[in-house]
Amino acid sequence: MKRLGLFCLLALATVRPSSAAGPAPGGVTPDARAAAREIEMLLDTWRFKEAATALAVLKQAAPEAPETKLVDGYHRFLTGDYEGAVRSLDAAAAAPNAPPDARGMDDLAKAARDAVHDFGEERSPHAIVRYAPEDAVLAPYARDTVEAAAAALRDDLGFQPPLPIRVELYRSPADLAAVSSLSVAEVSRTGTIALCKWARLMVTTPRALAYGYPWLDSMNHELVHYAVSTLTGDRAPVWLQEGLAKFLERRWREPAGGRIAPPMEHLLAKALRSGHLISFEAMHPSMAKLPSAEDATLAFAEVENAVAYLHAKGGMAALRDAIARVASGEDARQAVAAAAGQTWPQFERGWRAFMIAQRYKTFPAIDIATTHIRKANAIASGRKPAEEDALTSTLKGSAPFRYLRLGNIMLAHERPRAAAAEYEKGAKAVAGGVRGDPSAGWIFPVKLGRTYLALGEPDRALKALGAVQTIYPDLPWPHLIAGQAHLALGDAAGAVDLLRASIAENPFDPRVHCALAQAYSRVPSAPAGLLAREQRFCKELGAGD
Amino acid sequence: MQRLEPFLLDTIGAGMREREQIHSFLAGVRRRLLLRSGLEAAGYGVAALGVGLLALALAATAVGPASFWPAVTGSFTAVLALAALAVGVLIPARALRGDRAAARRTGALAPVLASDLLSAVELAEEPADPRAATSPMLVQAFHRQVALALGPVTPHGLVPLRPATRAFAAAGAGATILLVAAWAWPLAARGLRTLVHHPSRFEGAAVSTAPLVGDVRVVYTYPPYTGLPPRTVDGSTGDLAAVKGTRVHIETHPLRQARQAALLLGETGGREIAAALDRGRLTADLVLEEDGIYRFWLAPSFGRAIREERSHRLTAEADAPPRVDIQGPADRLELATPRPIEIGYSASDDFGLGAVDLVYRIGDRPEQRLTLRDGAGAPSVQGRTLWDPPAAAGPPGADRIAYRIEARDRDAISGPKVASSRTLYVIIQNPHDGSDDRIERQHDLLERLISDLGDRLEMDAKIETGGGTPAEAAQRRVAAIGAAHAAEEAHLALLGRLLDEDRRESNLGKTLRAALAGIADRLEHALRDEAAALVAARRKGTAGRAKLEAAAARQVAELEADVLRLDDLIGRERLEDLASLGKELTDAHARLQDLLSRYQKTHDEGLRRQLAREARELRARIAELAQKIAAVQARNEVPEEWRNMPDMKRIQDQARKLDDLLERGNEADLQKALSELGDQLSSMRRMLDQNLDGFGAERFPQENRVVADLMKKIGDLEGDERSLQKETQALSEKQEAELQRRMKGKLDELIRREGEKIDRLKQRLAGVPSGSPESALAEEVDRARESTTQMRRLLAERDLAEAKSEAERAESSLERAGEHLDELAAARRARRGSEPERDKRAESVGEARALAQEIADDLAKMMPKGAETMTPEQREAARGQAEKQSAIGKRTDELAEEAARRLGNMPGMEKAASDLKGASTRMHEAGESLKRDESKPAATAERDAADRLAKLRDGMQERSMGGSERHRDPVRIPGADESRAPRAWRQELLDAMKEKAPERYRDEVRRYYEELVK
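We now turn to the structure provided with this report. What you are looking at is a predicted structure, and each value in this text was computed from that prediction instead of being measured.

Rules used in this analysis
- Residues numbered from 1 in each chain as written.
- Chains lettered and ligands numbered in written order.
- Predicted model: local features only at pLDDT ≥ 70, side-chain atom pairs only at ≥ 80, totals over all residues.
- Heavy atoms only, no water.
- Pairing = 2+ DSSP bridges.
- Helix = DSSP H or I, 4+ residues; strand = E, 2+ residues; numbered from the N terminus.
- Axes fitted to C-alpha atoms, helices over the stretch in contact; angles between N-to-C directions.
- Disulfide = S-S within 2.5 Å.
- Contact = heavy atoms within 4.5 Å.
- Buried area = accessible area lost by both parts, 1.4 Å probe.
- Salt bridge = Lys/Arg side-chain N within 4 Å of Asp/Glu carboxyl O.
- Polar contact = N/O pair within 3.5 Å; in protein donor to acceptor, adjacent residues only side chain to side chain.

1. Brief notes about the sheet that holds strand β4 (residues 194-197) of chain A
Residue and element names in this part refer to chain A.
Thought 1: The mixed open sheet is built from five strands, whose spatial order is β1-β2-β3-β5-β4. Looking along the sheet, the strands with just one partner apiece sit at the ends: β1 (120-124) and β4. The sheet shows a mean angle of 15° between the axes of neighbouring strands, direction not considered.
Thought 2: Note: strand β3 (residues 165-170) against strand β5 (residues 200-204), five bridges, orientation parallel. From the neighbouring strand, Leu169 faces β5, where its bridge partner is Val203.

Here you go:
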């Protein structure tokens, strides 16, 4: 870092005499152009402090040069000053000898500005969270998660963020597409819901998905990218980036090395069985560019296992070593193998053996959560995600769906016993007829769990949920209902974990906050601030219902 | 007395008493005689009068009424009375004057007393010669003797009245004869009346069977309001006929010498109008107020006056009330919100129209009127107007506005007469109000069904908690099923009542009615089965329970199906309701945009007010939608996944902002705010539509399939029609090419020549100021101008057939424009009361019309007939295409029937069948054109038919399960603006319009054709 900094200063020092000699035709000297390129490089590698210093020099030397405007706009864009970025980039793009990428950059800055024009902001020592007014409930959890994750990353990888980490929570995947370099089709096809790019975490609100998603894990996943990009000077290839991010994404809430998520396990088990793994090359330039969400999920599973294997071989030190090697310019494969004390072929063989040793299994009709992006009107309405949003058309066209509707009607008319009778009929009908439909696999247990809870039968509720919690860990409702059941059974501490897991999927359901408030109130060690927060959200979100 | 001695006083006193006694006697006789004589004279006089009057009456009958008869009668009566007085009173009184005459008369009546009585009277007188005086004592004694003799005699006895009785009998007879004759003999009676009647001039005049006047000249001066000029009729028969209030001046020459003349009015000449005579010329003036007759009367210098036997008629023609007609979009137009309505009207009057008003009444409130135009004396007016019916600020619910056109004439004589058109109605009823009520009923029923189903589903749990032996549990179950059964029967009865009520009031929609009837039937059937099973279970115990369980299970299944069905219907209605409200809001916004842009251009205060009013209405509708959305969310009537609702608070705030800006008049900000509101409303509508579409697709897949199936068939038809159109188009191009070929060499010259004529026509038309752009004249002139422009274009494209059609259209328009100018001229005459200067516009229009006719004729001459421009093969192809068209048309008809059958009950799809029929009609026209070897109009009709099918398909796509069309655009008179009529048909009509109708029907016929071709 120090070396690079010195280089920048030297480069800028050469700008001054040329500038003093007068501008070249078009107002830009070759030196200024070179200096701008250098600043751009610094910004690309997220070395903001050095870039800011160099930019200040350039602005003095060639304040009106389109290149200066461009890098100034770029700098502002990366630091979250979208208004200022648009001003500078407009000027750059409007210049007669506009740099070729000024227009594209200008469009991106405008999209970013428009996407957050009415956003609120919440700050903490390491985080700046921007959110839509209707998503205010996300902010405190996002902020706390970034803080917890930053601490974990400092411990694990030695990462110290150079600037407060900016998190932007967008209203829809369409907004995410608009502010990223991905197309709407790509976002939709791959189910991309979060990105780390241009020095910020770009996250789609869980409101935009049919039943929420593990948005806090996803955010942390992007934060790991942020850290790895910073630590490697953005030299880590995609597979390593994603492997590390996936492996460390739950570090904000649990120790490293946990089991991979069931959908990944399912796909990986299938791939290992068939031998159709995604190659590392295919993962370049981005996982989001893979042809489908399933491929992306499988790729994630593969790379997570690779890092898990590295971690198994050498712990966090091995991970730090590999990152340092990559940062020093070593090939990523060699770096990883070396960090594990092996050659790459050895590492590869060991990794495959590691995966096989996990004895991954397939799950019938498992759902790939990220595919359930809600319809635009559902997102625009501000309505919170509901179970029925996520049901497949297969289920809706089947006989069990009638029982589901009847159960819902009965429940809405405060006839829980009758509702349970209908849901039980539905569950029975599913067992007999709608095999292979993921939503049919969880909807009736969820409904029955809720109904039994309403009937004051928490044991039956937990029993009804049974395997659903395990197979569908990304669903918020099993966690919620189980948490409520634990609460009803007097296990407040157990309830807190479950309810927080539910919030980590879908924080818009007031019931989860009400239950969590209740649980906190029964746990003596729970901080008063958390209790107050949950009580507030219980009230606020409940009022909107 | 001074000469009498005192000693003689006693003697003298006695003598005096006797003399007085004699004198009294004689006076009594005299009175009696005079009475009898008077009575006799009166009696006979009366008798004579009776006979005399009868005789005179007979004479008067023979002579006739005359002014002298009363004098004759009076004279006769007076003479007779005087004679009677003389004979009966005066003469006898004179004869009996003095005692001596009385004594003689008494003596005559009583000869015994005659000498003494006379002597006594004489002795009582003073002697003329004192020497001849006799002894008083003797005289006294004599007198005493006479008095004594008179003692038994009385005047009554001496003079009886019997002779007077006879006279009275004669009088009675005479009077009786007269009375009987007057009563029983008309002739005598008429004579008697004539004797006392003073006759009028009419009665008194002699009757002439020959005319009394000659060379009658009549000058009519009409009431000013009619606007008619004075009219002179020479050689008149004397019969007068004109509108009431007309002043008539008569000039004539009497055919007899006369010193006085008059016009005797009526059958008996009850009224007279003095006529002036001056040097052999008779003049008279009268005002025609009422029908009647009159006769001339002339009085000669000498002799009896004379009058005409034959009367002359007086005819006061009534000013007829105006005739007025109205046209509206429908006799009974139902609107969700007040929207401008197009109203067509026509009025005519025999003597010129006054004001033409639109009269409307909101509910029971007083009538209000809006003057549409002042007829200003024109004999007829017609026009169209856009009327914005006001929203009544009454209680919520339907506002019934009755409206009609009222026209007045300008009758200043009898007072203006008012005519009224038939009354049309616009019912402004928010459909959402009705839908709320309907949904409420369904909701109520659904609640009961859910309750029934819930009871059944919870039955087992309740029985389980009851404990006891299995047998007891089984018994409790039978009882529970029985209780549920009874409740359901009660609810079924409720449903039956609801359906009965609907049969009377039709307040449920078709779809709901059918659904509820189906539910009722199925439930009734299931309950019947269960009732039988219940009876069996109660009787047979365990043996019957299996059957009961099966029946109960069927009942649960039925209830489940019904609950879902009803829930679907309610959900769809709610979402349709919201979606249609959303559409109304975006429509209203579009209208606001339009109003604002018009206001920005004109700054018209009326537009600003309208803008403010519609903005307020929009805000109210937004509030209504917000309320409904809140209700839907609160009542859980729609599943959560379709409850994607917009942020209504934000929209309401924006609408409020709009109101504020409007008040402040900040146009720039207003435009911006309106645009933002538009974005929000569009997004809101999209959201509501998507809810409805998604719901419909998921919950009503069968209906969607029906729509999809029909859409596919329509698509197939459209494809076939377009394919055929291509063939026909190709044929048409060949035909056109042949036409061009035949006209080669002539065409350029023709186009140049006709182009010059078109230029001249344009110039003529440019010089026709047509007044108000909304006037009928302006419309016609504009049409002619448009046709001229089209002519120029078509000629440049070498499309002679269409250019000819346009020339004919221009000619027709100009003909009608000429008629309008005639009307205007008539109206001006009416206003000014004199012949106006010739309207130069009429000349220009006339010249333009002649030019248009000339162009049409030129083109007609140049163009060969259709068949001449086709080869036999092409004619054969045309026949083939006609057959294909016929087959497609038949399929379209069949599809129309299918659509009527399958889509008739589906919301938003009701018009599909009629739209298909419309397309089929165009196909038929295309086929007919092909049969006539006219490929060009055939291709046009085919394209139109295909377009109609495409439009229908798009509409079905859009309306698929969606709400019906509701907007704020004006409600037009059907067919009033858009020309959907086939060109050939229009041409036929235009040809027909050229045929002159009888004068009195011209207006009606013209209006009829205008309506047809508009």
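Structure's up, so let's keep going.
2. Here's the deal with the state of the cysteines
Residue and element names in this part refer to chain A.
Thought 1: Going through the model one piece at a time under the given rule, you end up with one disulfide over all chains.
Thought 2: One disulfide in the model links Cys514 with Cys538; its S-S distance is 1.9 Å. Sign of the S-S torsion, about 90° for the bond between Cys514 and Cys538, identifies this disulfide as right-handed. One end of the pair, Cys514, is in helix α26 (residues 510-522); the other, Cys538, is in helix α27 (residues 528-543), and 24 residues separate them in sequence.

3. Considerations on the interface of chain A and chain B
Thought 1: Taken together, the contact pairs 27 residues of chain A with 28 residues of chain B.
Thought 2: Summed over both partners, the interface of chain A with chain B buries about 2300 Å², with 54% contributed by carbon and sulfur atoms.
Thought 3: Our enumeration of links across chain A and chain B arrives at seven salt bridges.
Thought 4: Two residues, A:Lys396 and B:Glu698, come together in a salt bridge whose shortest N-O distance is 3.1 Å.
Thought 5: Across the chain A-chain B interface, the total number found is 10 residue pairs in polar contact (both at pLDDT 80 or more).
Thought 6: Secondary structure elements with two or more residues in the side of chain A that touches chain B: α17 (376-380), α19 (399-412) and α20 (416-433) of chain A.
Thought 7: Per-element tally for the side of chain A that touches chain B: the top contributor is α19(A), with eight residues.

Just distances and angles here, no functional claims.
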